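# An overview of the molecular structure
The residues making up each chain are set out below.
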Amino acid sequence: MIEKNYQPADIEARMSVVWEDSLAFKAGRPDRRDAVPFTIVIPPPNVTGSLHMGHALNNTLQDILCRFERMRGRDVLWQPGTDHAGIATQMVVERQLMERQQPSRREMGREKFLERVWQWKAESGDTIINQLKRLGASCDWSRERFTMDEGLSKAVVKVFVELHRDGLIYKDKRLVNWDTKLLTAISDLEVQQTEVKGHLWYLRYPIEGKTFNPEDPSSFIVVATTRPETMLGDTGVAVHPEDERYLKLVGKNVILPLVGRKIQIVADDYSDPEKGSGAVKITPAHDFNDFEVGNRHGLRRISVIDREGCLDLVDNEDYLRELPEGASQFAEEFHKVDRFAARKRIVERLESFGFVERIEPHTHMVPHGDRSGTVIEPYLTDQWYVDAKTLAKPAIAAVRSGETSFVPKNWEKTYFDWMENIQPWCISRQLWWGHQIPAWYGPDGKVFVAETEEEAISHALGYYVEQEVITAEQGREMALDRNKREGFITRDEDVLDTWFSSALWPFSTLGWPDDTPEVQRYYPTNALVTGFDIIFFWVARMMMMGLHFMKEVPFSTIYIHALVRDEKGAKMSKSKGNVIDPLNLIDEYGADALRFTLAAMAAQGRDIKLATSRVEGYRNFATKLWNASRFAEMNHCAVPDGFEPAKAKETLNRWIAHESAHTTREVTEAIEAYRFNDAAGSIYRFVWNVYCDWYVELAKPVLLGPDGPAKDETRAMVAWARDEILKLLHPFMPFITEELWEVTAQRDGLLALAPWPLKPAEPTPEQLAMLAAAAGPTDPLVSPMLAMPIFDHADFTDPKAEAEIGWVIDLVTQIRSVRAEMNIPPATLTALVLAGASAETRERAPRWTDVIKRMARLSDISFADRAPDGAVQLLVRGEVAALPLKGVIDVAAERTRLDKEIGKADADIKRAESKLANEKFIANAAEEVVEEEREKREAALARKAKLLEALERLKQAT
RNA sequence: GGGCACGUAGCUCAGCGGGAGAGCACUACCUUGACAUGGUAGGGGUCACAGGUUCGAUCCCUGUCGUGCCCA
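These figures come from a predicted structure and were not determined experimentally.

Moving on: the overall build of chain A. Of the regular secondary structure elements, chain A holds 32 helices and 29 strands. Its C-alpha atoms give chain A a radius of gyration of 38 Å, more than 25% over the compact-globule value 30 Å for 958 residues. Across its three principal axes, chain A shows a C-alpha extent of roughly 120 × 75 × 60 Å. The contacts of chain A with a sequence gap of at least 6 include a subset with a gap of at least 24, amounting to 76%. For chain A, the accessible area works out to roughly 43,000 Å², and carbon and sulfur atoms hold 49% of it. Across chain A, the mean location of the 121 positive side-chain charges is 4 Å away from that of the 149 negative side-chain charges.

Our next topic: the pairing of strand 23 (residues 555-561). Of all 7 residues making up strand 23, 7 are buried, and the element is well covered by its neighbours. The pairing of strand 15 (residues 405-407) with strand 23 spans 3 bridges and is classified as parallel. Residue pairing across strands places S405 opposite T557, the latter belonging to strand 23. With 6 bridges connecting them, strand 22 (residues 525-531) and strand 23 associate as parallel partners. Counterpart to T530 in the pairing with strand 23 is I560.

A few words on the nonpolar core. If you look at soluble globular proteins, the nonpolar side chains tend to sit buried side by side. Counting 202 residues, the largest nonpolar core has F500 and F732 as its most contacted members. With 15 residues, the top contributor of residues to this core is helix 24 (residues 676-704). In contact with F732, other than residues within four places in its own chain, are I64, D592, R595, F596, A599, V667, I671, F676, A679 and A680. One finds L249, A342, F355 and V356 within the second-largest nonpolar core, a separate group that totals 37 residues.

By convention here, two paired aromatic rings are described through the distance between centres and the angle between planes. Applying the stated criterion to the full structure yields 39 aromatic pairs. Ring centres 4.9 Å apart and planes at 80 degrees place the aromatic pair Y463 and Y464 in the edge-to-face group. We classify Y463 as partly exposed; its relative accessible area is 26%. Relative to Y684, the ring of F596 lies with its centre 6.4 Å away and its plane at 35 degrees, an arrangement referred to as tilted. Of the two residues, F596 is situated in helix 21 (residues 591-600) and Y684 in helix 24; the sequence distance between them amounts to 88 residues. The class for Y684 is partly exposed, based on a relative accessible area of 25%. Seen from the ring of F416, R400 lies directly overhead, with NZ or CZ sitting 3.8 Å from the centre.

Right, let's get into the environment of T404. Relative to the helices and strands, T404 is located in the loop between helix 11 (388-400) and strand 15. For T404 and A527, which are 123 residues apart along the polypeptide, the C-alpha to C-alpha distance reads 9.4 Å. Among the polar contacts made by the side chain of T404, one reaches the main-chain carbonyl oxygen of F555 at a distance of 2.7 Å.

So, about the sheet that holds strand 9 (residues 236-239). The mixed open sheet is built from 4 strands, whose spatial order is 10-11-9-12. On the outer flanks of this sheet lie strand 10 (253-255) and strand 12 (279-282), each paired with one strand and no other. Ignoring which end each strand starts from, the neighbouring axes of this sheet average 30 degrees apart. Bridge count between strand 9 and strand 11 (residues 262-267): 4 bridges; the pairing is parallel. Of the residues in strand 11, the one forming a bridge with V237 is I265. Contacts from helix 7 (residues 288-297) reach strand 11 and strand 12, with the element oriented near 85 degrees to strand 12.

Where strands meet in a sheet, backbone hydrogen bonds hold them as pairs that are either parallel or antiparallel. If you trace the 3 strands from one edge of the open sheet to the other, you get 19-18-20, paired in antiparallel fashion. A single partner strand is all that each edge strand has here, and the edge strands are strand 19 (447-449) and strand 20 (490-491). By the bridge criterion, 2 bridges tie strand 18 (residues 439-441) to strand 20 in an arrangement that is antiparallel. What sits directly across from W440, in strand 20, is R491. The sheet contacts of helix 13 (residues 453-466) involve strand 18 and strand 19, and relative to strand 19 the element is tilted by about 140 degrees.

Now for the pairing of strand 9. Burial along strand 9 is two-sided: the face carrying G236 and A238 and the face carrying V237 and V239 are both buried. By the bridge criterion, 4 bridges tie strand 9 to strand 12 in an arrangement that is antiparallel. Bridging across to strand 12, A238 finds its partner in V280.

With respect to the secondary-structure elements, R70 resides in helix 2 (residues 53-71). There is no salt bridge for the buried R70, and the closest opposite charge comes from D63, which lies 5.3 Å off by N-O distance. Beyond its immediate sequence surroundings of up to four residues, R70 is in contact with A24, F25, R32, V76, S138, A752 and L753.

Applying the stated criterion across every chain, the model contains 63 salt bridges. R595 is the salt-bridge partner of D63, the closest N and O atoms lying 2.7 Å from each other. Taken as a pair, D63 in helix 2 and R595 in helix 21 lie far apart in primary sequence, 532 residues in all. According to the relative accessible area criterion, D63 is buried, its value standing at 0%. You can call R595 buried: its relative accessible area is 0%. Across the pair E697 and K700 runs a salt bridge whose closest N-O atoms are separated by 3.0 Å. Of the two residues, E697 and K700 both sit in helix 24, 3 residues apart, roughly one turn of that helix. Here the salt bridges do not stand alone but share partners, grouping R227, E229, R339, R343 and E377 into one network.

Another point: the packing of helix 22 (residues 612-634) against helix 24. Following both chains from N to C, one finds helix 22 and helix 24 inclined at 25 degrees, their axes separated by 11 Å at the closest point. Of the possible angle classes, the one that applies to helix 22 and helix 24 is roughly parallel. The handedness of the crossing between helix 22 and helix 24 is left-handed. Residues Y618, N620, F621, K624, L625, A628 and F631 of helix 22 pack against I683, Y684, V687, W688, Y691, C692, V696, K700 and L703 of helix 24. Split by residue class, the contact of helix 22 with helix 24 holds 13 nonpolar, 1 polar and 2 charged.

About the cut-offs
- Residues numbered from 1 in each chain as written.
- Chains lettered and ligands numbered in written order.
- Predicted model: local features only at pLDDT ≥ 70, side-chain atom pairs only at ≥ 80, totals over all residues.
- Heavy atoms only, no water.
- Helix = DSSP H or I, 4+ residues; strand = E, 2+ residues; numbered from the N terminus.
- Rg over C-alpha atoms; globule rule 2.2 N^0.38 Å.
- Contact = heavy atoms within 4.5 Å.
- Areas by Shrake-Rupley, 256 points an atom, 1.4 Å probe, with all protein chains shown as cover.
- Lys, Arg positive; Asp, Glu negative; His and termini not counted.
- Charge placed at Lys NZ, Arg CZ, Asp CG, Glu CD.
- Buried < 20%, exposed > 50% of the residue type's maximum accessible area, 1.4 Å probe, protein only.
- Pairing = 2+ DSSP bridges.
- Core = buried A, V, L, I, M, F, W, Y, C linked by side-chain atoms within 4.5 Å.
- Phe/Tyr/Trp six-rings, centres within 6.5 Å; stacked < 30°, edge-to-face > 60°.
- Lys NZ or Arg CZ within 6 Å of the ring centre and 35° of its normal.
- Polar contact = N/O pair within 3.5 Å; in protein donor to acceptor, adjacent residues only side chain to side chain.
- Axes fitted to C-alpha atoms, helices over the stretch in contact; angles between N-to-C directions.
- Salt bridge = Lys/Arg side-chain N within 4 Å of Asp/Glu carboxyl O.
- Parallel < 35°, antiparallel > 145°, perpendicular 65-115°, else oblique.
- Left-handed = near helix turned anticlockwise from the far one by under 90°.
- Nonpolar A, V, L, I, M, F, W, Y, C, P; charged D, E, K, R; others polar.

Following this line, the structure appears as structure tokens:
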């Protein structure tokens, strides 16, 4: 029994339990053992996060694919899980500690702090998972993974050790993006360039051997800089090799103001003669470009800023080397001054000595940390790097060859551009929460990379015995006795970039490095569904790691969806306060409505500006379906055993079977092509504008009429078409459809596992051979080329039924329209006269008398040779339908109406004729197009003739 | 500066070489036995602008203006 009102919250709560209890989403169900697998790995959300609109969209689309393929009979694995999100999570917990005025991370120490983070993960880790369940995500929840699980950690260590062994991971001292607030290195991708209004300072650097005089330009060279405080670390000045202004100065030295260091003027292309003064100061330890210039000219690197962004001068050997007397006093004065305060003070000091020529306002891009928001400091440290350039090569080739393809295709360009210019990937982070790097250091700092500490110590002992640092005897003792080797080697404190473990997600979640049945069966995965913002962070790295370790691409299709924005097109962000919480929408309108909205708006290549009114509209759509199902129930509609829609006798029933088959094809093809919006639009139209608006209405007289074969068949067909709707709609609106499926009939099983109305074809041997030869997409069932369906009922067509029902619809629509135009009240019934009707119409009409009378509010339908005098005359598919309204209608108004109609016909005739008169059109246009134009002309001419006749009759009547 | 999108009804968006579409909003009428979270009918657009290609351009090309995003 269907409840009177559609209450999404009740249904959704109940269906979640039903699915969970029946293990509906479990991969590898026994009944699917022989089925072709279909795999998607979820983009793992941050374990401490909560569901935002982007997740809602992302997971809705994945769920549509998974539910669709599950219904098509495949063994679906939608692999769920969460990401430990190193920096983000550590920040959350640290903030908590601060708010609760508890000991800080450093005060409590690494071990205690990590315990604390795990505790927080245990408390909040279920939040997002439960939210995904509320959305209806049909993941195999029994397989949930976490990037810091034991198994996944094992994969991480293995990958690190192997890449290190192969020389693809290495340690290097170079400039990194340093976050002075979080006190860690971050990767290029985590840096956001932000436009900042700053200044360009023009500084005078005195030339060696000349007496500095601010009035004498030959006594100094002017350099322009945006960061005057880094001048303390300058080790050169660069000018362009072809810049004639400075040619004779190249090779000479300048004396660094305030510091007294002697530095060289070098010629380098990096200096842009158009910019600033054409001369730039070179600070290799604090600027990426300067670092390169320094390398080219063998300039020293002097770090003058510490990890917290303060000047670091006292006891700084690099800084103090070769400085004149008195330099240490200056160092003490500025030591530990914050970089921005130092900027001000140094400029003041320079000004007081006349070293500042001028200051210009200057807008430029300044790097900021995406998490901390603080200005990133290029900082010289030892970090671990991945040789991304080498790993990128196969990843580029795989997309070039089409083994993996992007949908929409234009993202491939973005992918190639980035991959072809890829930089070494800095993977070490000075954090505590994450995978600790499996590297140990011996007493002299030598690195031993190994999967376990035992392994590392054995390598180390072997090495140091060989090096005669320890004796063989000592080595043996230390190997045997844990206490004796205590502190001999120490583990690298750093952890890995979160994205390092995410990069392994498509195979680590399946149990790799163990050779599990899941790895065999579900790798490579079929589709990856994600937003463009993580193509670099995640997609590219999965491609690299997948190809390197599995020798196969991780997925054959990468579907890139849009960003969800607010109604005005602004990116949703907490700081702007324009965030729409998907859970609020679910509470208010139901998960089905939200899902349908997102799917309907997910047109390729376009951002989604979410308007709540759309969600409301689709909630109404769900209500409509609910009520239509109630109607079917009230009329005892049920599908009898062995019912075959294609064998229906009644035209109306054949028509809905025809329309249903058409919709099935449309929806199926659209989902296969990732055109979610088209699929949603197609099913929406079918449910509302075909099934509800016409089929059910046209069926009412039969259902309310006397019992008999026609009524039996109609009851069956109403229920059958409803079931087809439930199936087609299920991937989009799983809750309401599953509920209706359950309550409308005795079922063999869940709708989630019911067969899709249109089955994919098994590839033929020829197709398989073709596939092997082409070495193309590895997934025959989703490859468009091979998706030649075996139709069951979906190839059913009945043009005759379509024509007949089309006539009924046109007739009713036109009568309604003219009634409204003539202001005939709904309560007034009118008669209908079919004038000069064809044999076909005379045969058809009696079948629809009840329906037409009911829907067009008629008292009677009759035939006549010609329309009665003073009647309103309509042209329906070329024949006259007359409403004798003498006395009721305004004759003048009717004449105006007819004139307008004639005008339209004239316009059509004119358009068609001008085209047909054009020789070039006849010569060049396709034959069908020309023929179509002729038909249009004939139809319009006929229409006009009839209308003129009608007008004539009207005149006679008055 | 380079790249990628996008300017279509009041709003949010589809469409895309052969007569402009949806939802919401709006107007009028309707509580008819699934549904007022509804029904019926209707108004509303030189498809940003200017050139070009074509028998034919909202659609393809070029340019201009405007908007957004990504990378330097």
